[in-house]
Structures are given as C-alpha cells and as structure tokens.
Amino acid sequence: MEEKADIRVLLIDDEETLLEYLSKRLLREGFTVKATFSGEEAVEVAADDNFDVAVVDLKMPGMDGVETQKKLKKIQPFLQSIVLTGHGAIDTALESGRQDAYKYLLKPIEYDNLVDTIKEAYEKKVELQQAKFREEVEEIYRSGRGARGIKKAVNKLRKIYGID
Amino acid sequence: MGSIDTKGLDSEKRHPGFSALGDDAHLAGAYLASILEHSGDIIFMLNEEGTILSFSKRGEEILQYSEKDIVGHPVQAIVHDVEAFENALSVCGKKGRVIVPELAFRNRAGTPESCDLCLIRIPNGQKDDHVFLGIGRELHCEKKLQDDLTRVDRLAELGRAASGIVHDINNPVAVIGEISGWMEVLISDASGLRPDEREELAKAVRDIEKQTRRCRAITRQVLNFARESASEKRTFDLHEVLQNTVQFLRSEAVSKNIEIVLDFMESPPPVQSDPERLEQVFINLLSNAVYSIKEGRTQGGEIRVKTSKTDGMVEILISDNGTGIPEELHEKIFELFYTTKPSGKGTGLGLPICRNIIEKLGGEISFKSEPGVGTTFFVRLPVA
Ligand SMILES: Nc1ncnc2c1ncn2[C@@H]1O[C@H](COP(=O)(O)OP(=O)(O)OP(=O)(O)O)[C@@H](O)[C@H]1O
Ligand SMILES: [Mg+2]
C-alpha cells in the first residue's frame, strides 16, 4: 500500500547541506520534496504550489519555525506542519503545538521516525480535508440547487480540495 | 572554638557555667562524662609527654579506635600531620592555648581525617606539671561537600564556556548523520559490488552513525550543564510541566511497550521554582527509567509518576519496574561521569545534574531501589 508518491513535502531549514541529503533520502523513499532554506522562501513557494506536509526547523534566522508554520497554515489551511526542536525548547515547541503544528520532533531527527510522522501527518491532512469537503457538499445539497447546479458546484469543490 | 578561655581552667577563672556545679564532684564527673560521650568533636587528654590519657566517644567513631586500645599510646599514633601537631603542642605548652585549622588525624585504616584542632594546656594543681586537652572538629563533610560543589561549579563554568562551541558542533554532526544515512542508501542500491565489499561499506557507515550518536549524547549533556546555571524561579503549575514532559517521552515509551501512569494529587499547591530546569530533571529521570525497563524486561513495563504533599513540600515520585540498582552502586550513581551504560549511550552526567538543579532550587532528590524489582526516585520541592 505504497502511496507516498502522492505526498508532497515542504522542507524548511537553514542548514543547506542537511536538507540536501535529507531531501535525497526522502525523494528516494518516494515522497515529492521541495527544499527551502528560510521561512520567507517557504511562504513564497507555498503561494504557488500545494503541499501536504511541511517539516520546519524551529530555530532559523529571520522568520522562525513557529511563525513560518502559522503563515503556511494561512495559505494552505490543511497543510500539516512538523516542527523540529532542540533539546530543552519544549516550551516553545508546545507553544507551536497550540498553533496547531501536527507534531514537534526532538532534534537531532531520527530518520525513520520522521518518515513515519510525515505519513501520519499526511493522513491527518487527508482526513481533515475530506471532512471539510463533505461538509461543503452537504451545504450545497441543502442550498436547494437543481441537480445540474449541484453537480457543477461539487465538481468545483473537488477541484479545490483535490478530491476525485 | 574561639570562645574557649585562653588561660585554661585554673580554679579562679572557671567558665561561668561551671559554677552551677558548685562543689558537687559527682555532678561535675557526670557532666564531663556526658560531654565525652555525646559531643560531636574528638575530645582527648594528653599528659605532658603526649601520651593519650582519655578519648571521647566521637573520637572513637571517627578514628575507628576504641578508647582502651588507644589510651597509653603516644598521640603521634593517631596524627597524620605529625610535625604540625608537635609544633602545636610545644606552642601550647608555652602559650596555654593554640588553634590549628585543618590538621589531619589518621584513622585506624590510615586515612587522614581533617579537623580544626584546639589544644589547651591545663595546669595540674597538685603536681607541678600539666596536661593537654585537645578538641578536634571534623572537617571532612564540610570540606568534601565544598569540594564537590566547586567541582560541579567548575563544570558548569566549563559548560557555559563550551556551550557556544557545542551548539556550532551540533549542526555539522547532524549533517554528518544525514550524509551517512544517504550513503547507506547508495550502498544498498549500488550494483557491481561484491557482497563482502557491500557488507564492509555498510558496516563502516553504520559505525559513522554510531559515532555521531555518541557526539550528540555528549553535546546534549554539556548543553544541559550550561543551561542549568541560569536558574530562574517563578510560580507555575507543576502538573502541567510533568504532563508536558511525559507527553514528550510518550512515543518513545510506547515504542518500547512501556506504560506511563500519572497519579496526580488533587489541587496541587503552586510551586515557586524553575520549570525549564525541572523539565530537564524529569526528562533525565524518565529516560533513565525507560532505559532501565528496556534492559530489565520485555513486557509489562510501567513508569508511575505520582505527586503528593508531605511536610510542606511537594513530592514527585518517578517509579519504574526496571532492573533496579544494586546496593553497592547506591553511593555511585550521583557521581559525575558514573554510568553503567555502554559508551555512546550514557554520559553519567544525568543524575549529578539533577541533584545540582534540585538542590539549587531548595529541594531534595533521593531514591529507593531493589534489584530485579525497580527504582523510585523522589523529588521534593518547596511550595510557593
Ligand atoms: N531508574 C533507574 N534504574 C536503574 N538504574 C538507574 C536508574 N537511574 C539511574 N540508574 C543508574 O545510574 C547510572 C547513572 O545515571 P545518570 O543519569 O547519571 O547517567 P546515565 O543515564 O548513565 O547517562 P545519561 O544521563 O548521560 O544518559 C546509570 O548508568 C544507571 O546505572
Ligand atoms: Mg540518565
């Protein structure tokens, strides 16, 4: 049941060499990966492309992990963020947890653990998205449009939510 | 000790407290006997030649001789710094009293026991000679504690100085870890390698990974030391901190089949302490517990985190049903760098850091353990 090719991951960390190798591994694992080296860059990229999961380092010069994650969420509400935090920064990490990061992981990251967490985050994203989709479909039906109108509206929704 | 009358105890210049005894020789005898029996100091009497005439109970305990074994022997038998002692005796003979800071006695095993020593010459009324009274106050505990504290402080200092560097080292170490992960992939994908070559390469890369893990363990602990110095107290909800910490380690525990049970008291009193440092302590204690369960059993692992109120303090219990700690190691586990974990797994800094933090916060840390059954650590903190 490998469907990883569908999972689009956005990586954000200022440590470029680390991202270079991490993205290679994740690509080989079958994920679609985009590496960005700052929060600002990530926000720009997210304006054009859709992602399922973001992996963001908490400590970065400029926009930090928590802020980046908040901005990303505004652009792509269903995007799930995994925040990487250093030892002893649990408080900040929990703060970002309250800002609905999917999960915080202790650095240095255990690769296998990261892969599992990305998959879980993806599932959460899909679940939320479908729930919202169903809600809006029901809304359309309730709106008392004709059959054709409904079909059209639902198709439009499918496109927005990427569901077929 | 400075309050002792320098002129000795000739009958005209007695300590005022002494007059309460009047001329009751029996009472005076009983008084003296209880002093010798119960005083916390080494109290002894020497004749003019330095032969031991009497020896207090505490002296027996510290130097591990019984009075009857030692009476009649020259005092040099129980002194480590012989020359300094002989000097002091001769000065005392002339001046009537002398105080020697940090003079070492020697116990039966030959180990020096440092004391602050006071010698007093007592004229012997009837005969034309005198005896010496000696009072030695043990320095051992205070000094050892002091030594420990200075050592820990030095390490904290070192940690602070090093933390900048350590932070910078952490990143490249993480990168090396990531690169070796990638190499592992390359090696397993590569075609045209002989199986033994492949195995050899794979092992080399695994070794790199192992060593980077080791670097991380070290840097993590150095950072802990560095952070610990900057304690900041505030009032907060202890249960929340405990919950967060447990939450943090839960996934690791679950993956090892360990259940973490929280048993919190109702309406906890607010504590005035440093939540970040405490978080560090709880992480250390919980990871020790996780490790010990992993070593000790494959099933039914349980860690219990319990809070309660005792004697105006809040008590946090962290119990595990892991390996337990053998009796003979009880003394050791709080020592710096003491660890039973394989190299790369433990630094032996965890518990000394915990103790240092808790004591700085005005609390106490202790433990009970039974090999094969488990271990409970107790942390007590003052309430706000
Ligand atoms: N809950 C426990 N059960 C059994 N043994 C323990 C427990 N806690 C501590 N110990 C023993 O005490 C030793 C010292 O612990 P300490 O936390 O100081 O260092 P460490 O855990 O070995 O290293 P580090 O904390 O750097 O990982 C451990 O190696 C272990 O032998
Ligand atoms: Mg430890």
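Residues numbered from 1 in each chain as written. Chains lettered and ligands numbered in written order. Predicted model: local features only at pLDDT ≥ 70, side-chain atom pairs only at ≥ 80, totals over all residues. Heavy atoms only, no water.

Chemist: Please explain the overall build of chain A as it appears in this structure.
Modeler: A tally of regular secondary structure across chain A gives six helices and five strands. Listing every helix and strand of chain A by position from the N terminus yields β-α-β-α-β-α-β-α-β-α-α. Within chain A, the proportion of its 164 residues that are buried is 45%. Contacts in chain A between residues far apart in sequence, at least 24 positions, make up 62% of those at least 6 positions apart. Carbon and sulfur atoms make up 48% of the accessible area of chain A, which totals about 8800 Å². (Helix = DSSP H or I, 4+ residues; strand = E, 2+ residues; numbered from the N terminus. Buried < 20%, exposed > 50% of the residue type's maximum accessible area, 1.4 Å probe, protein only. Contact = heavy atoms within 4.5 Å. Areas by Shrake-Rupley, 256 points an atom, 1.4 Å probe, with all protein chains shown as cover.)

Chemist: When you look at the sheet that holds strand β9 (residues 301-310) of chain B in this model, what are you seeing that I'm missing?
Modeler: Strand pairing in a sheet relies on backbone hydrogen bonds. The paired strands run either parallel or antiparallel. All names here are of chain B. As summarised here, the arrangement of the five strands in space is β7-β9-β10-β12-β11, forming an open sheet in which the pairing is mixed. Looking at which strands have only one partner, the edges of the open sheet turn out to be β7 (258-263) and β11 (364-370). With direction set aside, neighbouring strand axes in the sheet form an average angle of 15°. When β9 meets strand β10 (residues 313-320), the two strands line up antiparallel, connected through eight bridges. Residue S308 lies in a different strand from β10, and its bridge partner there is E315. Across the sheet, helix α8 (residues 238-255) lies against β7, β9, β10 and β12 (374-382), angled at about 170° from β7, the strand it touches most. (Pairing = 2+ DSSP bridges. Axes fitted to C-alpha atoms, helices over the stretch in contact; angles between N-to-C directions.)

Chemist: How do you make sense of the side chain of D320 of chain B when you look at a structure like this?
Modeler: Residue and element names in this part refer to chain B. Along the polypeptide, D320 turns up in strand β10. This buried residue, D320, is left without a salt bridge; R297 holds the nearest opposite charge, at 7.7 Å. For D320, the side chain forms a polar contact with the main-chain nitrogen of G322, separated by 2.8 Å. For D320, the residues in contact, after removing those within four places along its chain, are A289, S292, I293, E302, I303, V373, G374 and T375. (Lys, Arg positive; Asp, Glu negative; His and termini not counted. Salt bridge = Lys/Arg side-chain N within 4 Å of Asp/Glu carboxyl O. Polar contact = N/O pair within 3.5 Å; in protein donor to acceptor, adjacent residues only side chain to side chain.)

Chemist: Got a minute to help me understand the nonpolar core in this structure?
Modeler: Within soluble globular proteins, side chains that are nonpolar tend to cluster in buried spots. All names here are of chain B. Judged by nonpolar contacts, the single largest core of 41 residues is most densely connected at L238, F282, L285, I303 and I316. Looking at this core element by element, the count peaks at eight residues for helix α9 (residues 275-296). Discounting residues that sit within four places of it in the chain, F282 has contacts with L238, V241, L242, T245, I316 and I318. Among the nonpolar cores identified, the runner-up in size contains 24 residues, and F55, L63, C92 and V100 belong to it. (Core = buried A, V, L, I, M, F, W, Y, C linked by side-chain atoms within 4.5 Å.)

Chemist: Teacher, can you tell me more about the sheet that holds strand β1 (residues 42-46) of chain B here?
Modeler: Residues and elements named next belong to chain B. With antiparallel pairing, the five strands of this open sheet are ordered in space as β2-β1-β5-β4-β3. Since the sheet does not close on itself, it has two edges, and those belong to β2 (52-55) and β3 (97-106), each with one partner. Between one strand axis and the next, the sheet turns by 25° as a mean value, whatever way the strands run. Sheet topology places β1 next to β2; three bridges connect them, and they run antiparallel. Within β2, the residue paired with L46 across the bridge is I52. In the packing of helix α5 (residues 82-95) onto the sheet, the strands contacted are β1, β3, β4 (112-124) and β5 (129-138), and the crossing angle to β4 comes to about 25°.

Chemist: Is there a simple way to think about the environment of A153 of chain A in this case?
Modeler: Residue and element names in this part refer to chain A. Secondary-structure assignment places A153 in helix α6 (residues 147-161). Sequence-wise, A153 and Y141 are twelve residues apart; in three dimensions their C-alpha atoms are separated by 9.7 Å. Setting aside anything within four residues of it in sequence, one finds A153 in contact with I140 and R145.

Chemist: Explanation requested: the interface of chain B and chain A in the structure shown.
Modeler: Quite often, the size of an interface is put as the accessible area lost when its parts meet. Between chain B and chain A, the residue contacts involve 25 residues of the former and 21 residues of the latter. Area buried by chain B at its contact with chain A is led by E178, W182 and F248 of chain B, which between them contribute 33% of it. Counting every contact that joins chain B to chain A gives three salt bridges. Residues R25 of chain A and E178 of chain B are paired through a salt bridge, measuring 2.7 Å at the closest nitrogen-oxygen approach. Taken together, the connections running from chain B to chain A amount to three residue pairs in polar contact (both at pLDDT 80 or more). For the side of chain B that touches chain A, the secondary-structure elements that each account for two or more residues are α6 (140-189), α7 (195-228), α8 and α9 of chain B. Tallied by class, residues from the side of chain B that touches chain A come to seven nonpolar, eight polar and ten charged. (Buried area = accessible area lost by both parts, 1.4 Å probe. Nonpolar A, V, L, I, M, F, W, Y, C, P; charged D, E, K, R; others polar.)

Chemist: Just to check I follow, could you spell out the confidence of the model for chain A for this structure?
Modeler: Regions with low pLDDT carry predicted coordinates that are not meant to be interpreted in detail. Residues with a pLDDT of 70 or more make up 87% of chain A, whose mean pLDDT is 85. By mean pLDDT, the top-scoring element of chain A is strand β1 (residues 8-12) of chain A (97), and the lowest-scoring one is helix α4 (residues 90-98) of chain A (55). (pLDDT = per-residue confidence, 0-100.)

Chemist: Sorry, what's going on with a positive patch on the surface here?
Modeler: Taken together, the side chains of R145, R148, K152 and K156 of chain A make up a positively charged region of the molecular surface. Residue placement: R145 of chain A occurs in the loop between α5 (111-142) and α6. (Patch = residues over 30% accessible without salt bridge, like charges linked within 9 Å, V, L, I, M, F, W, Y side chains within 5 Å. Charge placed at Lys NZ, Arg CZ, Asp CG, Glu CD.)

Chemist: What exactly am I supposed to notice about the packing of aromatic side chains here?
Modeler: Ring pairs (aromatic) are described by centroid distance and by the angle formed between their planes. All names here are of chain B. Tallied over the entire structure, the rule returns six aromatic pairs over all chains. Arranged with centres 6.5 Å apart and planes meeting at 70°, the rings of F85 and F105 form a pair that is edge-to-face. One end of the pair, F85, is in helix α5; the other, F105, is in strand β3, and 20 residues separate them in sequence. Neither residue differs from the other here; F85 and F105 are each classed as buried. Following the ring pairs from residue to residue traces out a cluster consisting of F44, F85 and F105. Lying over the aromatic face of Y291, K341 brings its terminal NZ or CZ to 4.5 Å of the ring centre. Above the face of the F334 ring, R355 is positioned so that its terminal group lies 3.9 Å from the ring centre. (Phe/Tyr/Trp six-rings, centres within 6.5 Å; stacked < 30°, edge-to-face > 60°. Lys NZ or Arg CZ within 6 Å of the ring centre and 35° of its normal.)

Chemist: For this particular structure, what's the right way to read a nonpolar patch on the surface?
Modeler: A cluster of nonpolar residues, Y31, L32 and I35 of chain B, forms a patch on the protein surface that exposes about 270 Å² of accessible area. Note on placement: I35 of chain B falls in helix α2 (residues 25-38).

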